[in-house]
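Chain and residue survey
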2 protein chains.
Amino acid sequence: MSAPFAATPPPPYYAVVFTTVRSDQPGHAGVGESADPDGYLAMARRMEELAAAQPGYLGIESARAELGVTVSYWADEESISAWKLNAEHTLARETGRARWYERYMLRVAKVERDYGWSHGDAPPDAD
Amino acid sequence: MSAPFAATPPPPYYAVVFTTVRSDQPGHAGVGESADPDGYLAMARRMEELAAAQPGYLGIESARAELGVTVSYWADEESISAWKLNAEHTLARETGRARWYERYMLRVAKVERDYGWSHGDAPPDAD
């Protein structure tokens, strides 16, 4: 299974499930017509870029509607801890609480099994 | 941490991460102006309703943009297996492959730790 999904290896590996509700986005004086007035999208892109450069990073899958659901995949717990200590990531979390998020939930989970299906495949054995 | 997040208990519990790419949606002859021409939204709502009635169901968090990311939470592996055997759920998976999905990925993971934050809270201890 390739893009747009994370190219994860056979289990076990780790998933970090980050679900978020954005703050109201009133727009910031002087920023005018920007499509990203509070810098949220730029931050999100930068965090993906930084995470991808971390040891043990396996990929990310993300969508936002009423809720944001972002799942990042990691080789092991040590990789997750190291990413958490990254200085720019730490600053982004602080800014997130001050500016971007109304609330969030984070769950660290060990993936025990997985399977994929793509148009043209037979139904997965696991199904 | 309450709605809109799943009201999960203290870990351990299970997360099923289901990421999907929809098929092209050409619309179906005779359905006209329906906002749900291929029945996808009705199926998704029905599956949430059915899942919520299953033993061991703990909640669901979902968003769709380019990708759909749906995470359902369960008390244990037995609950996940029982939900999979539900006849209407099995039919929905078959219809999904025939009609709604271009590809998907499913991962079953054991949540080992979690924490939440809400506006007005101090930063989480875990952060």
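Below is a short write-up of the structure. Computed from a predicted model, the values in this text were never measured in an experiment.

Core analysis: the largest hydrophobic core is formed by 39 residues, its most contacted members being A:Tyr14, A:Ala15, A:Ala109, B:Tyr14, B:Ala15 and B:Ala109. Sequence-distant contacts of A:Ala109, defined by excluding residues within four places in its chain, comprise A:Tyr14, A:Ala15, A:Val17, B:Ala15, B:Ala109, B:Lys110, B:Val111 and B:Glu112.

Right, let's talk about the environment of B:Tyr104 for a bit. Mapped onto the elements, B:Tyr104 comes out in strand β4 (residues 101–118). Classification of B:Tyr104 as buried rests on a count of 24 C-beta atoms within 10 Å. Expressed as a C-alpha distance, the spacing of B:Tyr104 and B:Arg45, which sit 59 residues apart in the sequence, is 18 Å. In contact with B:Tyr104, not counting residues within four places along its chain, are A:Gly116, A:Trp117, B:Phe18, B:Thr19 and B:Thr20.

Turning next to the packing of helix α1 (residues 40–52) of chain A against helix α3 (residues 87–100) of chain A. All names here are of chain A. Interhelical geometry of α1 versus α3 gives an angle of 155° and a closest axis separation of 11 Å. Considering the angle they form, α1 stands roughly antiparallel to α3. Regarding α1 and α3, the two cross each other, and that crossing is left-handed. Taken together, the residues of α3 that come into contact with α1 (itself represented by Tyr 40, Met 43, Met 47 and Leu 50) are Glu 88, His 89, Ala 92 and Trp 100. Looking at the contact of α1 with α3 residue by residue, the class counts come to 6 nonpolar, 1 polar and 1 charged.

Glancing now at the relation of the copies chain B and chain A. By a simple turn and slide, chain B fits onto chain A: the slide is 0.0 Å along the axis, the RMSD is 0.0 Å, and the turn is 180°. Those values place the two copies in the arrangement expected of a two-fold rotation axis. When you check the interface residues of chain B against chain A, 100% turn up at the interface there too, and the contact is symmetric in its surfaces.

As a further point, take the sheet that holds strand β2 (residues 57–64) of chain B. Two orientations exist for strands paired in a sheet by backbone hydrogen bonds: parallel and antiparallel. One open sheet accounts for 8 strands, arranged β2(A)-β3(A)-β1(A)-β4(A)-β4(B)-β1(B)-β3(B)-β2(B); its pairing is antiparallel. The sheet is open, and its two edges are formed by β2 (57–64) of chain A together with β2 of chain B, each paired on a single side. With strand direction ignored, the average angle separating the axes of adjacent strands in the sheet is 25°. Of the pairings in the sheet, the one linking β2(B) to strand β3 (residues 68–74) of chain B comprises 7 bridges and is antiparallel in character. The residue of β3(B) that forms the bridge with B:Gly59 is B:Tyr73.

Moving on, we come to the pairing of strand β3 (residues 68–74) of chain A. Residues and elements named next belong to chain A. Across the 7 residues that make up β3, a large majority, 7, are buried. Residues Gly 68, Thr 70, Ser 72 and Trp 74 of β3 are buried on one face, and the alternating residues Val 69, Val 71 and Tyr 73, pointing to the opposite face, are buried as well. For strand β1 (residues 13–22) and β3, the ladder comprises 7 bridges, and the chain directions are antiparallel. Bridge pairing in β3 places Val 17 opposite Val 71. In this structure, the hairpin formed by β2 and β3 is closed by a connection of 3 residues.

Glancing now at unusual backbone geometry. Across the junction of A:Pro11 and A:Pro12, the peptide omega takes the value 5°, indicating a cis bond. Inspection of the secondary structure assignment puts A:Pro12 in the segment before β1.

Further remarks concern the interface of chain B and chain A. Every contact between the two is made by 39 residues of chain B and, on the other side, 39 residues of chain A. Only β1 (13–22), β2, β3, α3 (87–100) and β4 of chain B provide two or more residues apiece to the side of chain B that touches chain A. Looking at the side of chain B that touches chain A, the element that brings in the most residues is β4(B), giving 17 residues. Of the pairings in the sheet, the one linking strand β4 (residues 101–118) of chain A to β4(B) comprises 15 bridges and is antiparallel in character. Bridging across to β4(B), A:Ala109 finds its partner in B:Val111.

Rules and cut-offs
Residues numbered from 1 in each chain as written. Chains lettered and ligands numbered in written order. Predicted model: local features only at pLDDT ≥ 70, side-chain atom pairs only at ≥ 80, totals over all residues. Core = buried A, V, L, I, M, F, W, Y, C linked by C-beta atoms within 7 Å. Buried ≥ 20, exposed ≤ 12 C-beta atoms within 10 Å, placed from the backbone. Contact = placed C-beta atoms within 7 Å. Helix = DSSP H or I, 4+ residues; strand = E, 2+ residues; numbered from the N terminus. Axes fitted to C-alpha atoms, helices over the stretch in contact; angles between N-to-C directions. Parallel < 35°, antiparallel > 145°, perpendicular 65-115°, else oblique. Left-handed = near helix turned anticlockwise from the far one by under 90°. Nonpolar A, V, L, I, M, F, W, Y, C, P; charged D, E, K, R; others polar. Least-squares fit on C-alpha atoms with pLDDT ≥ 70 in both. Pairing = 2+ DSSP bridges.

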